[in-house]
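# Geometric and topological summary
The lines below spell out each chain.
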Amino acid sequence: MNQYFSVFYADFLQRVRSNSFIVLLIISVVAAYKFVPLPQDHYTTVRIGDYTGLNNAAWIGHSTAIMACFFLWLFGFYVVNNSIRNDLQTGVGQLIASSAITNFQYLLAKAVSHFFLFSIIVVVVFLFALGLTFYRVENYPFDFFQFASPYFFVTFPSVFILSALTIFFEVVFVQKTNIMNLIFILLFIGLLGVTNTLSGNFIYWIDPLGIQFLLNEISMAIPKGLISNSQEISVGINYNADSNLNYFLFKGSHFSFEFYLSRLFWIIFSLVTIKISSVYFHRFDVKTKRVLPKRQHVKHLYKEAIYERKIYFERLQKVDIDYRLFPLIFAEFLLLIRKGSIRLWILNLGCFIGLFYIPIEDALFIGLPIIWYLQVNRWSDLFTKEQEFKTASFIYSTYKPLKRLLLSQFLAGSILALIFALPVIVRLCLLQQMLEIIQVILSAISILSFSFFSGILFSGKRFFEFVFLFITFICISSGRTVSYIIWSSDFKHNITFQVLFTSLLIILSFSLKKRRLNRD
């Protein structure tokens with residue numbers, strides 16, 4: 001049992017001290033503040049048709065609990081989904097594998113650590129929302145149960161389920177992080193879609209988040225006499241385009257016995273998921289097996305090894321000092337194109353050819369973001385591979401590493417990104433749309449600069465992988481409405497913003513890297 005608490009405590013301290021946790025905590029508090037708007041703020045957060053609730057204890061508690069649950073499922077998974085992988089890469093996993101701790105105890109300790117981490121964020125949001133309640137609510141009595149019950153019966157069980165699912169995904173996908181991230185966000189969207197289209201008491205049993213139950217309770221609280229043209233439920237920042245918004249008094253939810261039973265079912269389901277994960281847990285034995293040489297060749301190999309121990313100075317290759325930048329760019333470019341399986345390159349080739357034939361609008365706003373996202377492993381590893389392979393001390397002791405190495409990495413990545421965008425650039429040239437070409441080029445450079453900045457700031461690649469996935473999904477789902485390539489018809493302002501944004505990221509990245517090198 002002491003080993004269980006040691007794993008839990010070590011993982012929890014590592015998470016709490018990380019930059020990603022601090023960022024997630026700050027964003028959660030800001031989101032909680034924005035989810036309690038005043039009538040004069042001209043936007044709503046939870047809206048049912050033309051109606052939204054008045055700010056009382058029940059409404060603030062429910063809306064902020066919904067926000068915390070949704071927000072942590074959307075972002076929290078990507079903050080904690082590398083705990084097992086970190087133990088594998090740092091060598092701690094091999095020590096754990098040789099200890100007496102069981103697979104279930106180890107995975108349960110990791111899941112509980114994640115749950116405590118999320119719980120800290122939930123408690124901070126709870127206290128912040130409680131302060132807003134006392135500050136903004138004056139005309140209505142304070143009902144603590146209706147304020148706190150969504151947190152205790154929905155948000156806390158929901159983040160425990162999320163913690164168990166994170167462990168399950170890590171065990172199943174091992175080091176295939178991009179596939180894991182994609183599958184999870186599809187699962188998350190699928191759960192929201194299924195629960196949004198279904199209703200009835202059985203919704204408890206297919207809604208691990210619990211959000212839909214709270215939204216249904218809010219919908220049923222609208223007085224029968226108020227008839228809305230639309231009963232569509234909208235959660236998020238919704239700006240009021242007209243003055244048809246109406247307010248109603250929400251007094252709280254009715255938590256039935258079936259609901260309590262369903263939350264208990266999902267908690268048991270989470271524990272069962274961890275138990276199943278322990279059965280298939282690799283216990284840090286993920287290295288490929290080496291093929292031993294045949295016995296008849298062992299003696300011959302031994303003789304060759306003895307012969308190679310002698311150093312013949314006349315056979316050593318002479319070293320030519322070359323400070324040119326081009327060989328480094330070429331070497332980094334070769335590392336980029338040699339990364340990935342042959343199946344991924346076949347998929348890249350298919351997308352590359354498809355960009356010549358699909359409509360130019362689809363190629364620019366859908367096809368190009370897809371083919372760029374397929375290279376996310378290349379972009380994320382480009383500036384972090386020295387840390388992963390423990391070669392940073394060797395590489396950054398060379399001649400002018402900032403001006404030569406980092407610049408060569410940045411240029412090699414930009415060249416590869418522009419090669420993938422070549423079909424779109426050629427078609428835009430034929431259409432004589434030069435401003436769009438400039439924005440495509442700047443977008444490619446912006447992706448590399450953001451990877452550069454996030455890799456240095458967070459000392460890893462997970463933040464970039466998640467943000468790039470999220471941005472790409474928004475671009476594909478919304479089309480031209482929201483795109484990081486061209487987002488408005490005002491090309492001059494777009495180009496100016498891209499230039500300033502990219503320049504700022506590059507300057508900050510080089511400054512942070514220089515400061516860390518001088519400190520180390």
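So, a few notes on the structure that sits alongside this text.

### So, the overall build of the chain
A tally of helices and strands in the chain yields 22 helices and four strands. Summarising the internal contacts of the chain: among those between residues at least 6 apart in sequence, 82% fall at separations of at least 24. Counting only carbon and sulfur atoms, one obtains 67% of the accessible surface of the chain, whose full area is about 27,800 Å².

### Focus: the nonpolar core
Trp73, Trp372, Val440 and Phe468 are the most contacted members of the largest nonpolar core, which has 118 residues in total. In terms of residues, this core owes the most to one element, helix 3 (residues 57-80), which gives 17 residues. The contact partners of tryptophan 73, leaving out residues within four places of it in the chain, are Ser158, Val159, Ile161, Leu162, Leu165, Phe184, Phe188, Leu191 and Leu209. Ranked by size, the runner-up nonpolar core spans 19 residues in total, among them Leu107, Ala111, Val112 and Phe281.

### Some points on the environment of tyrosine 247
Mapping tyrosine 247 onto the fold places it in strand 4 (residues 246-248). Given the relative accessible area of 36%, tyrosine 247 is considered partly exposed. In this structure, the C-alpha to C-alpha distance between tyrosine 247 and aspartate 50, residues 197 residues apart in sequence, is 8.5 Å. Apart from residues lying up to four places away in sequence, tyrosine 247 is in contact with Pro39, Thr52, Gly53 and Leu54.

### Side note on the pairing of strand 1 (residues 43-48)
Along strand 1, six of the six residues are buried, which leaves the element largely enclosed by surrounding structure. Where strand 1 and strand 3 (residues 233-239) come together, five bridges link them in antiparallel fashion. Residue arginine 47 lies in a different strand from strand 3, and its bridge partner there is serine 234.

### Topic: the packing of aromatic side chains
Taken as a whole and judged by the stated rule, the model has 59 aromatic pairs. With centroids separated by 5.8 Å and ring planes inclined at 65°, the aromatic side chains of tryptophan 205 and phenylalanine 265 adopt a geometry described as edge-to-face. Of this pair, tryptophan 205 sits in the loop between helix 8 (177-197) and helix 9 (211-220) while phenylalanine 265 sits in helix 10 (residues 257-280), placing them 60 residues apart in sequence. By relative accessible area, phenylalanine 265 is classed as partly exposed at 36%. The aromatic ring of phenylalanine 104 is capped on one face by lysine 275, whose charged end is 5.3 Å from the ring centroid.

### Concerning the side chain of glutamine 375
By the element assignment, glutamine 375 lies in the loop between helix 14 (360-373) and helix 15 (376-382). On the basis of relative accessible area, glutamine 375 is assigned to the buried category, the value being 0%. Separated by 2.8 Å, the side chain of glutamine 375 and the backbone oxygen of isoleucine 371 make a polar contact. Apart from the residues lying within four places of it in its own chain, the contact partners of glutamine 375 are Asn348 and Phe420.

### A short note on the side chain of serine 262
Considering the arrangement of structural elements, one finds serine 262 in helix 10. On the accessibility criterion, serine 262 (1% relative accessible area) is buried.

### With respect to helix 14
The terminal C-alpha atoms of helix 14 lie 19 Å apart, and with 14 residues this matches the ideal 20 Å at 1.5 Å per residue to within 8%. The largest bend along helix 14 measures about 40° and falls at glycine 367, with the proline proline 369 one to four residues further on.

### As for the pattern of salt bridges
One pass over the full model with this rule turns up three salt bridges. The residue lysine 110 makes a salt bridge to aspartate 11 at a minimum N-O spacing of 2.9 Å. A residue pair is termed long-range when its members are at least 10 positions apart, and lysine 110 in helix 6 (residues 103-136) and aspartate 11 in helix 1 (residues 2-16) qualify at 99 residues. Neither residue differs from the other here; lysine 110 and aspartate 11 are each classed as buried. For lysine 110, a relative accessible area of 3% puts it in the buried group. Among the charged side chains, a salt-bridge network with shared partners connects Asp11, Asp87 and Lys110.

### Some details on the packing of helix 2 (residues 19-34) against helix 3
Packing of helix 2 against helix 3 brings their axes to within 10 Å, and their N-to-C directions diverge by 160°. Relative to helix 3, helix 2 is oriented roughly antiparallel. Handedness of the crossing formed by helix 2 with helix 3: right-handed. Here Ser20, Leu24, Ile27, Ser28, Ala31 and Ala32 of helix 2 lie close against helix 3, whose contacting residues are Thr64, Met67, Phe71, Leu72, Phe75, Gly76 and Val79.

Thresholds applied
- The numbering scheme is per chain: residues are counted from 1 as the chain's sequence reads.
- In keeping with the model being predicted, local features are shown solely for residues with a pLDDT of at least 70 and side-chain atom pairs are shown and tallied solely at 80 or more, while totals for entire chains, interfaces and linings include all residues.
- Where side-chain values are given, they derive from all heavy atoms of the structure, hydrogens and water being excluded.
- Counting from the N terminus, the helices are DSSP H or I runs at least four residues long and the strands are E runs at least two residues long.
- When checking whether two residues touch, look at their non-hydrogen atoms; a contact exists if any pair is within 4.5 Å.
- For the accessible areas, the method is Shrake-Rupley and the probe is 1.4 Å, while residue cover comes only from the protein chains on display.
- Residue types Ala, Val, Leu, Ile, Met, Phe, Trp, Tyr and Cys, when buried and joined through side-chain atoms within 4.5 Å, form a set referred to as a nonpolar core.
- Partly exposed residues are those whose accessible area sits between 20% and 50% of the maximum for their type, while under 20% is buried and over 50% is exposed, using a 1.4 Å probe and protein chains only.
- Two strands are said to pair when DSSP picks up at least two bridges between them.
- Note on aromatic contacts: the rings of Phe and Tyr and the six-membered ring of Trp form a pair at centre separations within 6.5 Å, being stacked when their planes are under 30 degrees apart, edge-to-face when over 60 apart, and tilted otherwise.
- Cation placement over rings: the criterion is NZ of Lys or CZ of Arg within 6 Å of the ring centroid and within 35° of the ring normal.
- Side-chain atoms alone can form a polar contact between residues adjacent in sequence; in general such a contact is a pair of N or O atoms within 3.5 Å, and within protein one must be able to donate a hydrogen while the other accepts it.
- By definition here, a helix of n residues has an expected span of 1.5 Å times n minus one.
- A residue's bend is given by the angle between axes fitted to the 7 residues ending at it and the 7 residues starting at it.
- The term salt bridge refers to a side-chain nitrogen of Lys or Arg lying within 4 Å of a carboxyl oxygen of Asp or Glu.
- Axis definition: a line fitted to C-alpha atoms, limited for helices to the stretch in contact. Angles are taken between N-to-C directions and run from 0 to 180 degrees.
- Note on angle classes: values under 35 degrees are labelled roughly parallel, values over 145 roughly antiparallel, values of 65 to 115 roughly perpendicular, and the remainder oblique.
- Should the near helix be turned anticlockwise from the far one by less than a right angle, the crossing is termed left-handed; should it be turned clockwise, right-handed.

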